[in-house]
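Listed below are the residues making up each chain.
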Amino acid sequence: MLKTAFLTFVVLCISIVGGGASVWYALKANESVGAVTIGEWTAFPSLGTPDADPYSKARVSREGLLALGRAEGLSFSAGHDSAGDALRRECSYRIEGAVPSARFWTLYAADAAGNVVRGGKRRPGALHSYQILHLPDNTVSIAAGAHPAPGNWLALSGEGPMTLVLTFFDTPIASSTGASDVTLPSIVRVACDA
Amino acid sequence: MLRLLYALLVGIVGAGIVHIAVLLLLPQFAERDAWSSLAEAADIYKAVRIDGADGSPPIVQAVDPLFHAAACRFDLDEGPVRLSAPGAVPFWSVSIYNRAGQNVYSFNDRATERGALDFVVLTREQMIEVRKAMPEDFQKSIFVQVPTGEGIVVIRSFVPDPTWEKATSEFLARIACTKE
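## Digging into the overall build of chain A
When helices and strands are tallied, chain A shows two helices and ten strands. Order of helices (α) and strands (β) in chain A, N terminus to C terminus: α-β-β-α-β-β-β-β-β-β-β-β. Its C-alpha atoms give chain A a radius of gyration of 21 Å, clearly above 16 Å, the size a compact globule of 194 residues would have. For chain A, the C-alpha atoms occupy an extent of roughly 80 × 45 × 30 Å along the three principal directions. Burial status across chain A gives 39% buried among its 194 residues.

Below you can see the structure in the form of structure tokens.
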């Protein structure tokens, strides 16, 4: 009798604790469901829509996200450079290459908690395509780092890991089929402050 | 020993069932979702800034730093809701979310004549009623038919540089979110 009660208790413990913990872990760690990866950049075209998978839906509800709609734009984020190393705020990077067609795009750096990295006192922490200098072949070259750079400069500050967020607004790539065959700029590390 | 092994096996199967149940029920029971955060900040049918413009923490996470945004909750069971705002800004876009925060419809300023923001959100049944006798006020409005009762409208406005901040703030402040 006591043995049966003990076994029932074991079954219930494993079920409830194991089931709850696995959901918590999946929502924390698993960010790859429904992702589209292009070079260093990753986007979630179906995040926050009714077609999204159950994990994305649960994450949207739990974190209170309101994702961009398809007619608004598509947001790509990058946490690693072209060599596969994590992006850091004390390093400087060159973001170079062609960008897909869009009405305009914005680029900013976010810290680990998702807050925007400010670029010192008088620099906004973001760039957009209307203020960017383009190269003759219509590609862009942007320097990102704490030290001022000629040309296009995305000012960073502080230290620690960061994510670069590149968002295209009013763009055909946000429709379901277009996101996989576009090219995005590469992120190359130039130097790091010791 | 064999019985303990059996109990462990049953426990793992049970964990799988609990995993699926928790995952599917989470959207219904989440307490910190966008709707709840907005409900704390403002009444229903009241447009409120969600990007933390006045130095307060943003209500909804991950708003682009070059954007201003405002949101308004609505309930279509009480009738269609109309949103309008006078003025011109470089770019605005609108998303309509259902109660669970899923994006059910979105459009931007290219969808309208001369970029004026004026639209009516309604259900299919209300659309049929409106078509029967089009009210005079609705002549120039965009109609957005959504399959949701309660929902959230978010209007985002692009701020290319600080000189536009006043104009976009005023644009968002003048949003009228009214039940028709």
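## Describing the nonpolar core
By size, the foremost hydrophobic cluster in this structure holds 86 residues, and its most contacted members are Leu107(A), Ala71(B), Val121(B), Val153(B) and Ile155(B). Once you skip the residues sitting within four places of it in the chain, Ala71(B) turns out to touch Leu38(B), Val48(B), Ile50(B), Ile152(B), Val153(B) and Val154(B).

## Looking at the sheet that holds strand S9 (residues 176-179) of chain B
All names here are of chain B. Spatial ordering of the open sheet is given by S7-S6-S3-S9, a layout of four strands whose pairing is mixed. The open sheet has two edge strands with one neighbour each: strand S7 (142-145) and S9. With strand direction ignored, the average angle separating the axes of adjacent strands in the sheet is 20°. In terms of strand pairing, strand S3 (residues 81-85) meets S9 through four bridges, oriented antiparallel. Counted as the bridge partner of arginine 82 is threonine 178 from S9.

## Looking at the domain arrangement of chain B
Split by domain assignment, chain B resolves into domain 1 (1-30) and domain 2 (34-179). Centre-to-centre, using C-alpha coordinates, domain 1 of chain B lies 41 Å away from domain 2 of chain B.

## Side note on the interface of chain A and chain B
Listed by partner, the interface residues are 41 residues for chain A and 43 residues for chain B. With eleven residues, the single largest contributor to the side of chain A that touches chain B is helix H1 (residues 2-29) of chain A. Here the residues of the side of chain A that touches chain B are counted per class, giving 20 nonpolar, 15 polar and six charged.

## Here we look at the domain arrangement of chain A
Once the domains are mapped, chain A shows domain 1 (1-30) and domain 2 (35-192). The C-alpha-based centres of domain 1 of chain A and domain 2 of chain A are spaced at 40 Å.

## Examining the environment of Ala71(A)
Locating Ala71(A) in the fold gives a position in the loop between helix H2 (54-63) and strand S3 (73-78). The exposure class of Ala71(A) is buried, given the 20 C-beta atoms found within 10 Å. Contacts of Ala71(A), omitting those with residues within four sequence positions, involve Ser93(B), Ser106(B), Phe107(B) and Asn108(B).

## Overview of the sheet that holds strand S1 (residues 36-38) of chain A
Residue and element names in this part refer to chain A. Across the sheet, which stays open at both edges, the six strands sit in the order S1-S2-S3-S9-S5-S6 with antiparallel pairing between neighbours. Each of the sheet's edge strands pairs with one partner strand only, and the pair in question is S1 and strand S6 (126-128). Recorded for the sheet is a direction-independent mean angle of 25° between the axes of neighbouring strands. Summarising the sheet, strand S2 (residues 41-43) and S3 pair through two bridges and their orientation is antiparallel.

The rules we used
- Residues numbered from 1 in each chain as written.
- Chains lettered and ligands numbered in written order.
- Predicted model: local features only at pLDDT ≥ 70, side-chain atom pairs only at ≥ 80, totals over all residues.
- Helix = DSSP H or I, 4+ residues; strand = E, 2+ residues; numbered from the N terminus.
- Rg over C-alpha atoms; globule rule 2.2 N^0.38 Å.
- Buried ≥ 20, exposed ≤ 12 C-beta atoms within 10 Å, placed from the backbone.
- Core = buried A, V, L, I, M, F, W, Y, C linked by C-beta atoms within 7 Å.
- Contact = placed C-beta atoms within 7 Å.
- Pairing = 2+ DSSP bridges.
- Axes fitted to C-alpha atoms, helices over the stretch in contact; angles between N-to-C directions.
- Domains from an automatic or database assignment.
- Nonpolar A, V, L, I, M, F, W, Y, C, P; charged D, E, K, R; others polar.

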